[in-house]
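The residues making up each chain are set out below.
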Amino acid sequence: MSPPVGAGTAGAPPSLPAIGFVQRRAPFSLGIDPFHTAFLAGMEAAATRAGATVLLQLVADHDDELACFRRWTAQGWVRGVVLADLVDDDPRLPVLAALGLPTVVLGQEPQGGGVSTVEVDDRGAMRQAVAHLVGLGHSVIGRVSGPVELGHTRARSEAFDLTVGRGAASGLVLPGDYSAESGEAQTRRLLRGPRRPTAIVYDNDAMAVGGLAAAADLGVSVPGDLSLLAWDDSPLCQLATPPLSVVSRDVPSLGESATRTVLAMLDGRPEMLVRAPDSEIVVRGTTAPPRR
């Protein structure tokens, strides 16, 4: 387990009020993904303005994450926690409630039970994404989703299926794991299938970059033969060749909202519902009408 980022000397709690954020990652993987980098930058900016700090802990699995919460509480490391990537009946919530740590989640709906929510409209964003591609004239649209157990993946999937149907198009969905490797592999499957899509939506930036590599390797022109649309903007999208069109959200503002909400709870506010800003489509070089 990696040491917490932003902590003081080993064994001593930080001198400023601290907000904890835990990210699971595969063993031996390096760094954190662009979404969480931007999210943490927003958290840290809001915390600094308020005279607080943020602690990041990288863990390998679910058990390590729960152990981290218990250790933070026992050692007095944090006063509140921000959670992302919720699943149904998320086991972290009852543990944090028992520990008495104020908790803010990124989610689709309010959680209740003393937990505050920064509401992210993934359904609306997916409707925008599909409507953009259908509006360009695409009638067979693929998607490489995030892990199927995540609540926001399910919300996007529901909106994708519904919006594709309303647009008189058909959809093909394969699950990924947010890695470029999974984006590349699933793009190859979609392009080699019996109903080849003319556009693909990816649930994050890294998978879209992998999809771009797969298309180039297979000799598929982007955007001439295939349009690609990534989720969340990042330098990966902006520096790709061609630059990726994206479903863009103000990710740092999500982090700022989460931090401000935790601090409000620490000041005695009851559970809160804070709506995140809506997303928008940023058109670059990977989306165009399909060839006739």
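Residues numbered from 1 in each chain as written. Predicted model: local features only at pLDDT ≥ 70, side-chain atom pairs only at ≥ 80, totals over all residues. Heavy atoms only, no water.

Trainee: Just checking my understanding: could you explain the sheet that holds strand β11 (residues 273–275) for this structure?
Mentor: Paired through their backbone hydrogen bonds, the strands of a sheet run either parallel or antiparallel. The strand order across the open sheet formed by six strands is β2-β1-β3-β4-β5-β11, and the pairing between neighbours is parallel. At either end of the open sheet lies a strand with only one pairing partner, and these are β2 (53–59) and β11. Direction aside, the axes of adjacent strands within the sheet are offset by 20° on average. Here strand β4 (residues 103–107) runs beside strand β5 (residues 116–119); their pairing, made up of four bridges, is parallel. (Pairing = 2+ DSSP bridges. Helix = DSSP H or I, 4+ residues; strand = E, 2+ residues; numbered from the N terminus. Axes fitted to C-alpha atoms, helices over the stretch in contact; angles between N-to-C directions.)

Trainee: What is the right way to read the nonpolar core from this model?
Mentor: The nonpolar side chains of a soluble globular protein tend to be buried, and buried together. Core analysis: the biggest nonpolar cluster contains 24 residues, and Phe21, Phe39, Met43, Val82, Val118 and Leu254 have the highest contact counts within it. Going through the elements one at a time, β1 (18–24), α1 (34–49), β2, β4 and α9 (251–266) are the ones with two or more residues in this core. The element contributing the most residues to this core is α9, with six residues. Aside from chain neighbours lying at most four places away, what touches Leu254 is Phe35, Phe39, Val118, Val120 and Ala276. Formed by 21 residues, the second largest nonpolar core is a distinct cluster that contains Val144, Ile200, Val222 and Leu226. (Core = buried A, V, L, I, M, F, W, Y, C linked by side-chain atoms within 4.5 Å. Buried < 20%, exposed > 50% of the residue type's maximum accessible area, 1.4 Å probe, protein only. Contact = heavy atoms within 4.5 Å.)

Trainee: Looking at this model, I keep getting lost on the packing of helix α4 (residues 122–136) against helix α5 (residues 151–166). Mind explaining?
Mentor: Angle between the axes and distance between the axes: these two values describe a pair of packed helices. Relative orientation of the contacting elements α4 and α5 amounts to 40°, with a least axis distance of 8 Å. Considered as vectors, α4 and α5 are oriented oblique to each other. Crossing angle aside, the handedness with which α4 passes α5 is right-handed. Contacts between α4 and α5 involve Asp122, Arg123, Met126, Arg127, Val130 and Ala131 from the former and His152, Ala155, Arg156, Glu158, Ala159, Phe160, Thr163 and Val164 from the latter. (Parallel < 35°, antiparallel > 145°, perpendicular 65-115°, else oblique. Left-handed = near helix turned anticlockwise from the far one by under 90°.)

Trainee: Mind showing me how you'd approach the confidence of the model for the chain here?
Mentor: As a note on interpretation, predicted positions should not be read in detail where pLDDT is low. The predicted model of the chain has a mean per-residue pLDDT of 91, with 93% of residues at 70 or higher. For the stretch residues 5–11, pLDDT sits under 50, and the model shows eleven contacts to residues farther than four places along the chain or on other chains. (pLDDT = per-residue confidence, 0-100.)

Trainee: What exactly am I supposed to notice about the environment of Glu149 here?
Mentor: For Glu149, the position within the fold is in the loop between β6 (140–145) and α5. Counting along the chain gives 63 residues from Glu149 to Leu86, while the straight-line C-alpha distance between them is 8.7 Å. Residues contacting Glu149, with those up to four places away along its chain left out, are Leu86 and Val87.

Trainee: What am I meant to see in the packing of helix α2 (residues 62–75) against helix α3 (residues 92–99) here?
Mentor: As a packed pair, α2 and α3 sit with axes 10 Å apart at the nearest point and diverge in direction by 10°. Of the possible angle classes, the one that applies to α2 and α3 is roughly parallel. Contact with α2, carried on its side by Glu65, Leu66, Phe69, Arg70 and Thr73, involves Arg92, Val95, Leu96 and Leu99 of α3 and no other residues of that element. For the contact of α2 with α3, the per-class residue count stands at five nonpolar, one polar and three charged. (Nonpolar A, V, L, I, M, F, W, Y, C, P; charged D, E, K, R; others polar.)

Trainee: Is there a simple way to explain the environment of Val246 in this structure?
Mentor: Inspection of the secondary structure assignment puts Val246 in strand β10 (residues 245–248). Every residue in contact with Val246, bar those within four places of it in the chain, is listed here: Leu229, Ala230, Asp232, Asp233, Cys237, Glu280, Ile281, Val282 and Arg284.

Trainee: Explain helix α6 (residues 180–192) to me, please; I cannot follow it from the model alone.
Mentor: An α-helical turn contains 3.6 residues, so a residue and the one three or four places further along point in the same direction. Helix length check: α6, at 13 residues, gives a terminal C-alpha distance of 18 Å against a target of 18 Å (1.5 Å per residue), a fit within 8%. By the burial criterion, the buried members of α6 are Ser182, Gly183, Gln186, Thr187, Arg188, Leu190 and Leu191. On the buried face of α6, the contacting elements are β6, β7 (170–175), β8 (199–202) and α7 (205–217). (Expected span 1.5 Å × (residues − 1).)

Trainee: Explain the side chain of Ser279 to me, please; I cannot follow it from the model alone.
Mentor: Position of Ser279 relative to the elements: it lies in the loop between β11 and β12 (280–282). Here the side chain of Ser279 touches Gln128 through a polar contact of 2.6 Å, side chain to side chain. Apart from residues lying up to four places away in sequence, Ser279 is in contact with Ala125, Gln128, Val247, Ser248 and Arg249. (Polar contact = N/O pair within 3.5 Å; in protein donor to acceptor, adjacent residues only side chain to side chain.)

Trainee: Got a minute to help me understand the packing of aromatic side chains in this structure?
Mentor: Remark: the centre distance and the inter-plane angle together describe each pair of aromatic rings, the angle taken between the planes. Under the counting rule described, the total for this entry stands at three aromatic pairs. Ring geometry for Phe35 and Phe39: centres 6.1 Å apart, planes at 10°, overall stacked. One end of the pair, Phe35, and the other, Phe39, are both in helix α1, four residues apart, so they sit about a helical turn from each other. There is no split in this pair, since Phe35 and Phe39 are both buried. Where Phe69 meets Trp72, the ring centres are 6.2 Å apart and the plane angle is 55°; that geometry is what we call tilted. Here the residue Phe69 and the residue Trp72 both occupy positions in helix α2, the gap between them amounting to three residues, near one helical turn. (Phe/Tyr/Trp six-rings, centres within 6.5 Å; stacked < 30°, edge-to-face > 60°.)

Trainee: Help me understand unusual backbone geometry in this model?
Mentor: Glycine aside, the phi torsion of most residues is negative, and most peptide linkages are trans. Residue Val222 is joined to Pro223 through a cis peptide bond whose omega torsion reads 10°. Inspection of the secondary structure puts Pro223 in the loop between α7 and β9 (227–231). The peptide bond linking Thr241 to Pro242 adopts the cis configuration, its omega dihedral lying at -5°. Counting through the fold element by element, Pro242 comes out in the loop between α8 (235–239) and β10. The residue Asp85 is not glycine, and still its phi comes out positive at about 60°. Mapping Asp85 onto the fold places it in the loop between β3 (80–83) and α3.

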